[in-house]
Amino acid sequence: QEATKYFNMVCLPDCNTHFGSVDKTSSAARSYTYTPANDSVLHDEWELLLGGDGTNPLLSAIKATIADQFTFEALPLSVCPYPAELCVPMPGIEFSDVGAGSDRCSFMLSEEVSGAIGSQAASALQGLGGTSIADAASSSSSFGQWVGDFQECIDSFIVTAVLSFVVGIVFMVLLRFFTGVCVWLAIFCTMLFFILGGAMSFVRSGQCADAGFLESGQQNAVAIVVTAQVAASNAVTGEERSEAMTGDGTDYRGVQSYTRDGRRCAAWDEQTKVARYKSAGYPDKGLELNYCRNPYNDSDMNKAATIWCITADAESVWGECLPVGVIQPECNGGYAVKSKTARDVLFYLSFVIWGLGLIWVIFICCMAGRIKLAIALNEVAAQFLATNPQTLLLPILQAVVGIVWTLLWMLAASFLLSQVPDSYTPTGYFATYAEAWGTVNPCAIWETGDHCVATPGKCTDKWPTGSVWKDDTCIEEILDGISVMKCWRCAPPRYIFDVRFAISFFVFLWNNAFIIALGQIIVAFAVCIWFFAREKAKTPVLLCSVKTIFRYHLGSVAFGSSIVALMQFIRYVMKYLEKQAQAQKNRFMTIVLEQVQCCLRCFEECIEFLNKNAYIQIALMGKNLCVSATKAFALIMNNALRFGTVAILGAIIHNIGFVCITAGTALVGYFLVRAMHEEVSPVMPVLVFVFMGYLVSRVFMTVFGLAVDTSLQCFLTVEKAKPTDTEFVPSSLKGFVDAHVPKKE
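A short tour of the structure in this document, coming up. None of the values given here were measured: they were computed from a predicted structure.

### Observations regarding the overall build of the protein
Along the backbone of the protein there are 19 helices and eight strands. The 745 residues of the protein split such that 38% are buried. Pairs at least 24 apart in sequence give 69% of the contacts found in the protein among residues at least 6 apart. Carbon and sulfur atoms form 64% of the exposed surface of the protein, whose accessible area is close to 41,400 Å².

In C-alpha cells form, the structure reads like this:
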C-alpha cells in the first residue's frame, strides 16, 4: 500500500521516463559515492580504508569495491535540481503511468531484478501496487461521486434552504401551544427515570443466578403489590395472620393467594385441575380458601420444596408462592451478582435513587409556579419569533460580517505571524539530537523523582518551537581532549507570536465580542418594543431597534464587549504561557496554568451572562452599561430561582428545537431529492441537509433563548411597576401579571 503514498511523479517529466532514457552526456552526468556521516561510528574507519597508499592488496580490493558497488549514477541537474545524493534513483525499479493524464506512477521491477527473484514473484509485487492504487482511486471516485450527486441536487438544496426556515417558523408556532406538554413530559420522564433506576438496582441486588432479570423484576413487583394489598386489608378488618414459615412450608398458615409470577390461586375445594388436593384429603394442612400451602402426607411420593397453589390460570396448573412480605427470597442456587458487597451496594443504591426521586418530586411541587412561569415565557418567546420572523436575519447578517472580518484579519495576521527573526533559534551546531531537541519525561503525571526530569532542547526551549535537522557538513570541536563532531542544527518555526500579533489578536477578539453583543442588544430591544406594544403584529420592532441602538447605545456595547475581549485575551495569554512551560519541560507550571485557564473561563462565562442581562436592562431602561449591569445583577440575585428555572427549561427546549428543526429540514430535503432527482443517491445531499438544518436551528434557538431572557426581565419590570392597565401584556403571561397587580375599580 505504500505505493499510493510515495510513488508520485516529482523529478521525471513523466512516469514512462526512467534513468535509462535520461540524457547521460558528460555535461549532464552525475554520480554519488556513499560516505558515512561525519558523526557516524563508521566514518573514521571508512576514511582509513579510502586513505590507503595502494600497497596493501586487501585495502586496494576494498577501495575498488567501494568505487564499484558504493558509487551510484544520479539524475542530472536539469531533471533533479538537488544534491547528487538526493537524486539517486531507486535501484531495480521502473515506473509506468497508472492512466492517461495521471500524476501517479505504478512501479514495476527491472529485468535484472525480475530475473533474480523470478517472474511470478515480480508479477505479485507489481499486482499489489496496482491493487492499492486502484483502491485509492476507487475511494477518490466514491467521494467525487458524492460531490457530483450534491452538485446535481443544487436546486433541491436551494429549495430546502428556504424551507428550513419555514420548518423553524412552524416549530415556533407549535412550540407556543406545546411548550407545556414538552416540559411536563420531560419532568415526568425524569421522575420515571428515578423510579426505574432504583427498581433496576433493587432487582439486580436480589436476582438469582437461575432467573432472568425480567423474571426477577416481575416476582419483586408481585410480592410488593400483594404485601401492600394484605396490609391495606388488615388495616380495614383489623385482623392479621402470621406469615411465619419454616423448612418446606408445611406449617405455613398465611394468606398469600398469588404465585411468584403473579397468577391468582384457585380455591382448593373448587379447583378441578388436581382433584385429590382438597381440604378433606388433607384435613390438617390448612387448605382454606385459595391460600398457598404445601400439603402432603408422609406416604406421598411427590413433596414440594416450598408453599404452592393450584392456579386459576388456564395456561398454568400450579405455581410456587412466597410468604406475604418476602420481597427478595434467598437464592439457594446462588446470585447473579456473586459478590455480597456488590449486592449490598446495589440494594442501598436503589433507596438512594428513590430518595433522590422523592426529592425531585418535592422540588417540582415547590417549583410548580415558577415552572408554569417559565413555560409561559417560552410561549411568549415563540410568539415573538412567529410574529417577527425577520429578526432571524440578524444572526445570519452577524455571521456574514464575522466571516468577512475574520478573513480580513487572518490575511493581516498571517503577515505578522510569518515575521520570524533570524535570531529566534540558535544558528550553531550541536553534537547530539537530544542536545538539540531535548529529552522526554518518561514518568506518569503523578510520578516524581530525579528520573522524571526532562531537559529542554536548544532548538525547542520556547514556543512556537523550531525543528531539528542534521547537516551533512559537520564541524569538529575538541572537548576535554576528545574530538566531537557536531552535525545537528536548528530550523526556525514557520510562525511566532510577538507584541504586534498580540495587539492584532486583541482587536480581533474585541471585534468578535462587539458583533455578538450588538446582535444581543438589538434582539433584546426588539423584544422589549414588542412586549409593551398594544398592536404587536403591526409594530416594526427590528428597524426601530437598530436605529435606537446605533444612535444611543453603541458606547455601552463597545465597553461591554471590551471587557469580554480582555478576559478572553488574558485566558489566551495563560495558554501561551502554558505552551512556554511545556517547551521548558516544566510540568508543575503547566498544570497550574491549565487550572488558571479553567478559572478564567468560568469567570468569562459569568461576565458574558451578566453582560447579556445588562444589555437587556439597557433596552428596558436606557441607562449606561455600569448602571444596567448593577441592576441586572440585583435582579438576578433577587429572582435567582426564577432565572434558574428558566435556564433549566430553556436548555430542554433548546435541545428539542435542535432535534426537531434539524430532523425536519433533513426530512423535507430527502423527499425533495427523491421527487426532483430520482436517479441520484440521497446520502450526500441528506448529510448536507442535516448540517444546514443544524445551522438554521442554531439561528432560531439563539434568538429564541435571548427572547426568553428578555421576556423574563420585561415581566419582572411589569410585576414591580404594578400597572393598572395590563392589556399590552402577552396572553401567556397575563394571568401571572394580573395576580400581582391591583384590580381596576
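### Brief notes about the packing of helix α12 (residues 499-532) against helix α13 (residues 541-552)
It is the contact of α12 with α13, at a shortest axis distance of 8 Å, that shows an interaxial angle of 125°. Comparing the axis directions of α12 and α13 gives the class oblique. As α12 packs across α13, the resulting crossing turns out to be right-handed. Across from Leu518, Ile521, Ile522, Phe525, Ala526, Ile529 and Trp530 in α12, the residues of α13 making contact are Val541, Leu542, Cys544, Ser545, Val546, Thr548, Ile549 and Phe550. Taken together, the residues of the contact of α12 with α13 break down into 13 nonpolar, two polar and no charged.

### Some words on the side chain of Thr425
Relative to the assigned elements, Thr425 resides in the loop between α10 (393-417) and α11 (433-437). For Thr425, a relative accessible area of 7% translates into the label buried. Setting aside its immediate chain neighbours within four residues, Thr425 contacts Cys459, Cys490, Ala491, Pro492 and Pro493.

### Topic: the packing of aromatic side chains
Scanning the model with the defined rule gives 37 aromatic pairs in all. Between Phe202 and Phe347, the ring centres sit 5.8 Å apart and the planes meet at 35°, which makes this aromatic pair tilted. Taken together, the positions of Phe202 in helix α6 (residues 154-205) and Phe347 in helix α8 (residues 340-366) put the pair 145 residues apart, joining distant regions of the chain. Phe347 gets classed as partly exposed once you look at its relative accessible area, which sits at 27%. Grouped by ring-pair contacts, the aromatic residues Trp405, Trp409, Trp463, Tyr495, Phe497, Phe501, Phe505, Phe508, Tyr572 and Tyr576 constitute a single cluster. Sitting over the face of the ring of Trp530, Lys536 holds its NZ or CZ atom 5.0 Å from the ring centroid. Between Arg571 and the ring centre of Tyr572, over which it is positioned, the NZ or CZ distance is 5.1 Å.

### Here's the deal with the environment of Pro493
With respect to the helices, strands and loops of the structure, Pro493 is situated in the loop between β8 (482-491) and α12. Judged by its relative accessible area of 10%, Pro493 is buried. Sequence separation between Pro493 and Tyr424 is 69 residues; the distance between their C-alpha atoms is 8.8 Å.

### Details of the pattern of salt bridges
Summed over all chains, the structure comprises 14 salt bridges. Salt-bridge contacts for Arg571 lead to Glu604; the nearest nitrogen and oxygen are separated by 2.8 Å. Here Arg571 is found in helix α14 (residues 554-583), whereas its partner Glu604 is found in helix α15 (residues 587-621), with 33 residues between them in sequence. Residue classification places Arg571 among the buried positions, given a relative accessible area of 16%.

### Considering the nonpolar core
Grouped together as the largest cluster of nonpolar side chains are 76 residues, with contacts concentrated most on Met172, Phe704 and Leu733. The biggest single contributor to this core is helix α18 (residues 683-721), with 16 residues. The contacts of Met172, once residues within four sequence positions are left out, are Ala382, Leu385, Phe700, Met701 and Phe704.

### Some points on helix α16 (residues 625-638)
In this model, α16 (14 residues) spans 20 Å end to end at C-alpha, consistent with the 20 Å of a helix rising 1.5 Å per residue. Burial in α16 covers these residues: Leu625, Ser628, Ala629, Ala632, Leu635 and Ile636. The arc enclosing the buried residues of α16, seen along the axis, measures out at 125°, which places them on a common side. Seen from the buried face of α16, the exposed residues on the opposite side, beyond 90 degrees, are Thr630 and Asn638. Buried-residue contacts for α16 involve α14, α15, α17 (640-676) and α18. The N-cap of α16, judged by a side-chain oxygen 3.2 Å from the amide nitrogen of Cys626 a few residues on, is Asn624.

### Some points on unusual backbone geometry
A cis geometry characterises the amide bond from Trp463 onward to Pro464, with omega recorded as 0°. With phi around 45°, Leu289 is a residue other than glycine that occupies positive phi space. Inspection of the secondary structure assignment puts Leu289 in the loop between α7 (213-237) and β5 (308-310). Within the chain, Lys585 stands out as a residue other than glycine whose phi angle is a positive 60°. Inspection of the secondary structure puts Lys585 in the loop between α14 and α15.

### Some thoughts on empty space enclosed by the protein
Enumeration according to the criterion identifies two cavities of 30 Å³ or more in this entry. Its residues placed into classes, the lining of the largest cavity shows nine nonpolar, five polar and one charged.

The rules behind each value
Residues numbered from 1 in each chain as written. Predicted model: local features only at pLDDT ≥ 70, side-chain atom pairs only at ≥ 80, totals over all residues. Heavy atoms only, no water. Helix = DSSP H or I, 4+ residues; strand = E, 2+ residues; numbered from the N terminus. Buried < 20%, exposed > 50% of the residue type's maximum accessible area, 1.4 Å probe, protein only. Contact = heavy atoms within 4.5 Å. Areas by Shrake-Rupley, 256 points an atom, 1.4 Å probe, with all protein chains shown as cover. Axes fitted to C-alpha atoms, helices over the stretch in contact; angles between N-to-C directions. Parallel < 35°, antiparallel > 145°, perpendicular 65-115°, else oblique. Left-handed = near helix turned anticlockwise from the far one by under 90°. Nonpolar A, V, L, I, M, F, W, Y, C, P; charged D, E, K, R; others polar. Phe/Tyr/Trp six-rings, centres within 6.5 Å; stacked < 30°, edge-to-face > 60°. Lys NZ or Arg CZ within 6 Å of the ring centre and 35° of its normal. Salt bridge = Lys/Arg side-chain N within 4 Å of Asp/Glu carboxyl O. Core = buried A, V, L, I, M, F, W, Y, C linked by side-chain atoms within 4.5 Å. Expected span 1.5 Å × (residues − 1). Arc of directions from axis to C-beta. Polar contact = N/O pair within 3.5 Å; in protein donor to acceptor, adjacent residues only side chain to side chain. 1 Å grid on protein atoms, 1.4 Å probe; cavity = no way out; pocket = protein on both sides within 12 Å on 5 of 7 lines; lining within 4 Å. Points joined across faces, edges and corners; volume = space filled by probe spheres on them.

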